[in-house]
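# Observations on the model geometry
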Amino acid sequence: MAEPPTPRGGGLIAPSDAFSPSYARARVQFLEAAATAGMAISSHQHPLPGRDGEVLAMDVALDGDPAAERLLIVSSACHGVEGYCGSGVQVFAAQDAEWREHARTAGVAVLYIHALNPHGFSWVRRVTHENVDLNRNFQDFSQPLPVNEAYAELHELLLPAQWPPGAENAAAIGAYIQSHGLTRFQAAVSQGQHAFADGLFFGGVEATWSNQTLRQVLRHHGQQARHLAWIDLHTGLGESGLGERICACRDDVVALKRARSWWGGGGQTPVTSIYDGSSTSALLTGLMWNVAYEECPRAQYTGIAMEYGTVPIEEVIDALRGDHWLLLHPDAPEALRAAIKARLLAAFHVDTDEWKARIVVQARQALFQAVDGLSSSA
């Protein structure tokens, strides 16, 4: 993988220092970094408190001209627990003098959206307080919702009566994978479903607080844009420490070509797509970036989900199963609760300096490439 431009001048911190051990600390670090940089900050308070009683909010910081026609969005914690990684990238970028100068010189404003799902970030959950996967929640709820029949077959197996699952449950899951393959198992579980409100990857039956709040943010900050890019930061799929750049656009060959021309150079892995089978992600429904087309209709939109690998997909799914089981069993012993939460965090955040450094290097490269792509758009 090619390195990003070598940093020059002040403003950089050690990558590991940008990452926080809790949502509360991450929020403080982000707001302090944005304020020190002179960004325009606004906060949208969540209706519920955090795990430690702290205020929860979707915080927004604009670096650049509010009237800029070229806008880059950098967002974190669409899936709450993944904010441990995404927030670190945002905190580092806010203190990266060379990166900020590169965007300013190109006439690109940068909108940092910190903690799209602050409740999940604080409580160490992937989902919102409504138990909804935010990245499956952007549906037209006036129309019939997609049906995931494969998930319906697996729901009871995924959430057994006891945790950890017994040998019989493990054997049944193993038999499904052996019969259908791991790829189909991943797709059945993860593509999204709207029938089981207590289940995994539940897309909801109405727009969540985060969905509605994000729309407000884009209506305020994005409607003037004529060229809009979005890097949404995720973890949990692929090789540990490797950032897969997944095209976050409609099934449009022109948009995919544009994304590949922006982010496909420099020697890193090419931009992948859920539509042609090149991505490690399954084909999903109700994806968040649909909102860019709906709330910023005048902009030419190009986006990627930066998906950093952590642990094997089987471990990720089992960690999510445990967390959803815990929601259904609030009286679980404290030791078991702690073990489930620690396993979930480890599935989405590798707490080593080496992993964090790899995350920042790849994110920084993608940021420079996004600005270059935006500045070249006619």
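Cut-offs applied
- Residues numbered from 1 in each chain as written.
- Predicted model: local features only at pLDDT ≥ 70, side-chain atom pairs only at ≥ 80, totals over all residues.
- Heavy atoms only, no water.
- Helix = DSSP H or I, 4+ residues; strand = E, 2+ residues; numbered from the N terminus.
- Buried < 20%, exposed > 50% of the residue type's maximum accessible area, 1.4 Å probe, protein only.
- Contact = heavy atoms within 4.5 Å.
- Areas by Shrake-Rupley, 256 points an atom, 1.4 Å probe, with all protein chains shown as cover.
- Lys, Arg positive; Asp, Glu negative; His and termini not counted.
- Charge placed at Lys NZ, Arg CZ, Asp CG, Glu CD.
- Core = buried A, V, L, I, M, F, W, Y, C linked by side-chain atoms within 4.5 Å.
- Salt bridge = Lys/Arg side-chain N within 4 Å of Asp/Glu carboxyl O.
- Pairing = 2+ DSSP bridges.
- Expected span 1.5 Å × (residues − 1).
- Phe/Tyr/Trp six-rings, centres within 6.5 Å; stacked < 30°, edge-to-face > 60°.
- Lys NZ or Arg CZ within 6 Å of the ring centre and 35° of its normal.
- Axes fitted to C-alpha atoms, helices over the stretch in contact; angles between N-to-C directions.
- Left-handed = near helix turned anticlockwise from the far one by under 90°.
- Nonpolar A, V, L, I, M, F, W, Y, C, P; charged D, E, K, R; others polar.

### Some points on the overall build of the protein
- On a plain count of helices and strands, the protein comes out with 13 helices and 7 strands.
- Its C-alpha atoms put the protein at 60 × 45 × 40 Å along the principal axes.
- For the protein, the proportion of its 378 residues judged to be buried stands at 56%.
- Of all intrachain contacts in the protein linking residues separated by at least 6 positions in sequence, the fraction that spans at least 24 positions is 82%.
- Accessible area for the protein stands at about 14,900 Å²; split by element, carbon and sulfur atoms hold 54% of it.
- For the protein, the distance from the average position of its 27 positive side-chain charges to the average position of its 41 negative side-chain charges is 5 Å.

### Let's talk about the nonpolar core
- Core analysis: the largest hydrophobic core is formed by 81 residues, its most contacted members being Leu72, Trp99, Leu214, Trp230 and Ile231.
- With 10 residues, helix H13 (residues 353-376) is the single largest residue contributor to this core.
- If sequence neighbours within four positions are ignored, Leu72 has contacts with Trp99, Val108, Ala109, Val110, Leu111, Ala229, Trp230, Ile231, Leu367, Ala370, Val371 and Leu374.
- Leu158, Ile173, Val316 and Leu344 belong to the second-largest nonpolar core, a separate cluster that totals 30 residues.

### Here's the deal with the pattern of salt bridges
- Going through the model one piece at a time under the given rule, you end up with 19 salt bridges.
- Between Glu82 and Arg126 there is a salt bridge whose closest N-O contact spans 3.5 Å. In this pair, Glu82 sits in the loop between strand E3 (70-75) and helix H2 (83-94) while Arg126 sits in the loop between helix H4 (118-123) and helix H5 (149-158), placing the two residues 44 residues apart along the sequence.
- Counted as one network, the salt bridges with shared partners bring together Glu82, Arg126, Asp133 and Arg136.

### Things to note about unusual backbone geometry
- Residue Pro164 is bonded to the preceding Trp163 through a cis peptide linkage, with omega at 0°.
- Secondary-structure assignment places Pro164 in the loop between H5 and helix H6 (167-180).
- Positive phi is not limited to glycine here, since Val124 has a value of about 55°.
- Here Val124 shows up in the loop between H4 and H5.
- For Phe201, which is not glycine, the phi dihedral falls at a positive 55°.

### As for the pairing of strand E5 (residues 227-240)
- The buried count for E5 comes to 11 of 14 residues, which makes it a mostly enclosed element.
- Bridge count for E3 against E5 is 6 bridges, and the pairing is parallel. Residue Ile73 lies in a different strand from E5, and its bridge partner there is Trp230.
- Sheet topology places E5 next to strand E7 (residues 300-309); 10 bridges connect them, and they run parallel. In the sheet register, Leu228 faces E7, and the bridge partner there is Tyr301.

### Section: H2
- The terminal C-alpha atoms of H2 lie 16 Å apart, and with 12 residues this matches the ideal 16 Å at 1.5 Å per residue to within 8%.
- Among the 12 residues that make up H2, 12 are buried, leaving the element largely enclosed by the rest of the structure.

### As for the packing of aromatic side chains
- Applying the stated criterion to the full structure yields 8 aromatic pairs.
- Here the aromatic residues Tyr23, Tyr84 and Phe121 are joined through ring pairs into a cluster of three or more.
- Geometry around Tyr293 places Arg250 over its ring, the cationic atom sitting 3.9 Å from the centre.

### Quick word on the sheet that holds E7
- The strand order across the open sheet formed by 7 strands is E1-E2-E4-E3-E5-E7-E6, and the pairing between neighbours is mixed. Both outer strands of the open sheet, strand E1 (40-45) and strand E6 (243-247), are each paired with one neighbouring strand and no more. For this sheet the average axis-to-axis angle between neighbouring strands, irrespective of direction, equals 20°.

### Side note on the packing of helix H11 (residues 313-328) against helix H12 (residues 334-348)
- Running from N to C, H11 and H12 cross one another at 145°; their axes reach a closest spacing of 9 Å. H11 and H12 meet at a crossing whose hand is left-handed. Every residue of H12 that contacts H11 at Glu315, Val316, Asp318, Ala319, Leu320, Gly322, Asp323, Trp325 and Leu326 is listed here: Leu336, Arg337, Ile340, Lys341, Arg343, Leu344, Ala347 and Phe348.
- For the contact of H11 with H12, the per-class residue count stands at 10 nonpolar, 1 polar and 6 charged.

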